[in-house]
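Chains, contacts and geometry: an overview
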Amino acid sequence: MRKAVIAGNWKMYKTAKEAELFIDELSKHPLDEGVEVFIAPAFPAIHAAINKVSEKKLSVRIGAQNLSEHPEGAYTGEVAAIMLANLGVHFVIIGHSERRHLFHESNATIHKKLHRAVEQGLTPVLCVGETDQERKLGHTKAVLEKQITEALSGCSVDFLKNLIIAYEPVWAIGTGNAATPEMAEEVHGEIRLLLGKVLGSSFASGVRILYGGSVKPESIRELMKQGNIDGALIGGASLEPDSFQLMVNYQN
Ligand code: PGA
């Protein structure tokens, strides 16, 4: 059984204070215990978020949105995996499309980041997804195959035991134009087949594959009904506690 993950990606929103207020508010609602709840604040709000979640005894895992590909060194402005692990960070988003496109992260860089994360015991949430143009040209499968095989190349099943994949079609992120549940399910199924080819079917059947891209309280239930969709990575709609808790409690 794959436990559902509902993850909020706060991007470059919310100060430490605002993160605390959000968690205070979230703690007023019961959260479905059958769902793993993830929140990724910006770096400066991580420490406050971890403390607040523990103060409120909320079962919410705090993560980061990025990390350095290097273990340590003279890399001004970068943050190492060991620094995140030391703060009590649980997971890290790797290869988000905004990192790939705005900050020119390659699959090779993403591969290194994944290594750094796993070495420090962080759960990697590897994001993949095609652009609108790639989809229109019929290249979706090839693009995903390249992103996944290059990111995971040479990694063993044991090394990747906590791997989570997030399928986020670039054309659906922040556009309000989500993939239909059927469209997402088809791609999730292909991703699982590909993981099976590379790492074996028993590994593939245990990997959680989240969908991301304009997920909203109104659309999450239909998405979660699909057999290969194990959760959601949510940007805009994760910024309000009410809307976030509705999505965590999608089964109610
Ligand atoms: P969105 O973002 O929900 O605002 O489309 C998703 C993401 O970027 O992870």
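Our structure's up above, just so we're on the same page.
Conventions adopted
- Residues numbered from 1 in each chain as written.
- Predicted model: local features only at pLDDT ≥ 70, side-chain atom pairs only at ≥ 80, totals over all residues.
- Heavy atoms only, no water.
- Helix = DSSP H or I, 4+ residues; strand = E, 2+ residues; numbered from the N terminus.
- Rg over C-alpha atoms; globule rule 2.2 N^0.38 Å.
- Buried < 20%, exposed > 50% of the residue type's maximum accessible area, 1.4 Å probe, protein only.
- Contact = heavy atoms within 4.5 Å.
- Areas by Shrake-Rupley, 256 points an atom, 1.4 Å probe, with all protein chains shown as cover.
- Pairing = 2+ DSSP bridges.
- Axes fitted to C-alpha atoms, helices over the stretch in contact; angles between N-to-C directions.
- Phe/Tyr/Trp six-rings, centres within 6.5 Å; stacked < 30°, edge-to-face > 60°.
- Lys NZ or Arg CZ within 6 Å of the ring centre and 35° of its normal.
- Polar contact = N/O pair within 3.5 Å; in protein donor to acceptor, adjacent residues only side chain to side chain.
- Near = heavy atom within 4 Å.
- Nonpolar A, V, L, I, M, F, W, Y, C, P; charged D, E, K, R; others polar.
- Core = buried A, V, L, I, M, F, W, Y, C linked by side-chain atoms within 4.5 Å.
- 1 Å grid on protein atoms, 1.4 Å probe; cavity = no way out; pocket = protein on both sides within 12 Å on 5 of 7 lines; lining within 4 Å.
- Points joined across faces, edges and corners; volume = space filled by probe spheres on them.
- Right-handed = clockwise from strand over helix to strand, strands pointing away.

Now for the overall build of the protein. Helix and strand counts for the protein come out as 11 helices and eight strands. Compactness check: the protein gives a C-alpha radius of gyration of 17 Å against a globular reference of 18 Å for 252 residues, within 12% of the reference. Taken along the three principal axes of its C-alpha coordinates, the protein extends 45 × 45 × 35 Å. In the protein, which comprises 252 residues, the proportion classed as buried is 54%. Summarising the internal contacts of the protein: among those between residues at least 6 apart in sequence, 74% fall at separations of at least 24. For the protein, the accessible area works out to roughly 11600 Å², and carbon and sulfur atoms hold 53% of it.

Moving on: the sheet that holds strand S6 (residues 164-167). Spatially, the eight strands close up into a barrel ordered S1-S2-S3-S4-S5-S6-S7-S8, and their pairing is parallel. Strand-to-strand, the axes of this sheet are offset by a mean angle of 25 degrees, without reference to chain direction.

In this section: the packing of aromatic side chains. This structure, assessed with the given rule, holds four aromatic pairs. Both rings, one in Phe-38 and one in Phe-91, keep their centres 4.4 Å apart while their planes meet at 25 degrees; by these two values the pair is stacked. You can see Phe-38 sitting in strand S2 (residues 35-40) and its partner Phe-91 sitting in strand S4 (residues 91-94), a full 53 residues away along the chain. No difference in accessibility class separates Phe-38 from Phe-91, as the two residues are buried. Joined through ring pairs, the aromatic side chains of Trp-10, Phe-22 and Phe-244 make up one cluster. When the ring centre of Trp-10 is taken as reference, the NZ or CZ atom of Lys-14 above it lies at 5.3 Å. A cation over an aromatic ring shows up here: Arg-99 above the ring of Phe-103, its NZ or CZ 4.1 Å from the ring centre.

Let us look at the side chain of Asn-66. Mapped onto the secondary structure, Asn-66 falls in the loop between strand S3 (60-64) and helix H3 (81-87). Polar contacts involving the side chain of Asn-66 include one to the side chain of Lys-113, which spans 2.8 Å.

Taken together, 13 residues are adjacent to the ligand, and Lys-11, His-96, Glu-168, Gly-174 and Ser-214 come closest. A distance of 3.5 Å is found between an oxygen atom of the ligand and a side-chain nitrogen or oxygen belonging to Asn-9. At 2.8 Å from an oxygen atom of the ligand is found a main-chain nitrogen or oxygen belonging to Gly-235. Contact with the protein chains removes 96% of the 280 Å² of surface that the ligand exposes when unbound. Here the shell around the ligand is composed, by residue class, of four nonpolar, seven polar and two charged.

On to the nonpolar core, then. Among the nonpolar cores identified, the biggest contains 68 residues, and Ile-6, Ile-165 and Ile-191 are the most heavily contacted of them. When near neighbours in sequence (up to four residues on either side) are disregarded, Ile-6 contacts Val-35, Glu-36, Val-37, Phe-38, Ile-220, Gly-231, Ala-232, Ile-234, Phe-244, Met-247, Val-248 and Tyr-250. In terms of nonpolar packing, the next biggest core, distinct from the first, is built from 12 residues, Val-5, Ile-93, Cys-127 and Leu-210 among them.

Okay, the environment of Glu-186 next. Considering the arrangement of structural elements, one finds Glu-186 in helix H8 (residues 181-199). For Glu-186, a relative accessible area of 53% puts it in the exposed group. Taking the C-alpha atoms as reference points, Glu-186 and Ile-229, separated by 43 residues in sequence, lie 9.8 Å from one another.

The next point concerns the layout of surface pockets. Estimates place the volume of the largest pocket at around 410 Å³. Residue lining of the largest pocket: 15 residues in total, with Lys-11, Met-12, Gln-65, Arg-99 and Phe-103 positioned closest to the centre. Secondary structure elements with two or more residues in the lining of the largest pocket: helix H2 (43-55) and helix H4 (97-102). At three residues, H4 tops the list of elements feeding residues into the lining of the largest pocket. Residue classes in the lining of the largest pocket are distributed as eight nonpolar, four polar and three charged.

Neither face of S4 is exposed, since Phe-91 and Ile-93 on one face and Val-92 and Ile-94 on the opposite face are all buried. In terms of strand pairing, S3 meets S4 through two bridges, oriented parallel. Looking across to S4, one finds that Ala-64 is bridged to Val-92. Read as a crossover between parallel neighbours, the route from S3 over H3 to S4 is right-handed. Relative to strand S5 (residues 123-128), S4 runs parallel, the two being bridged by four bridges. Following the sheet pairing, Ile-93 is matched in S5 by Val-125.

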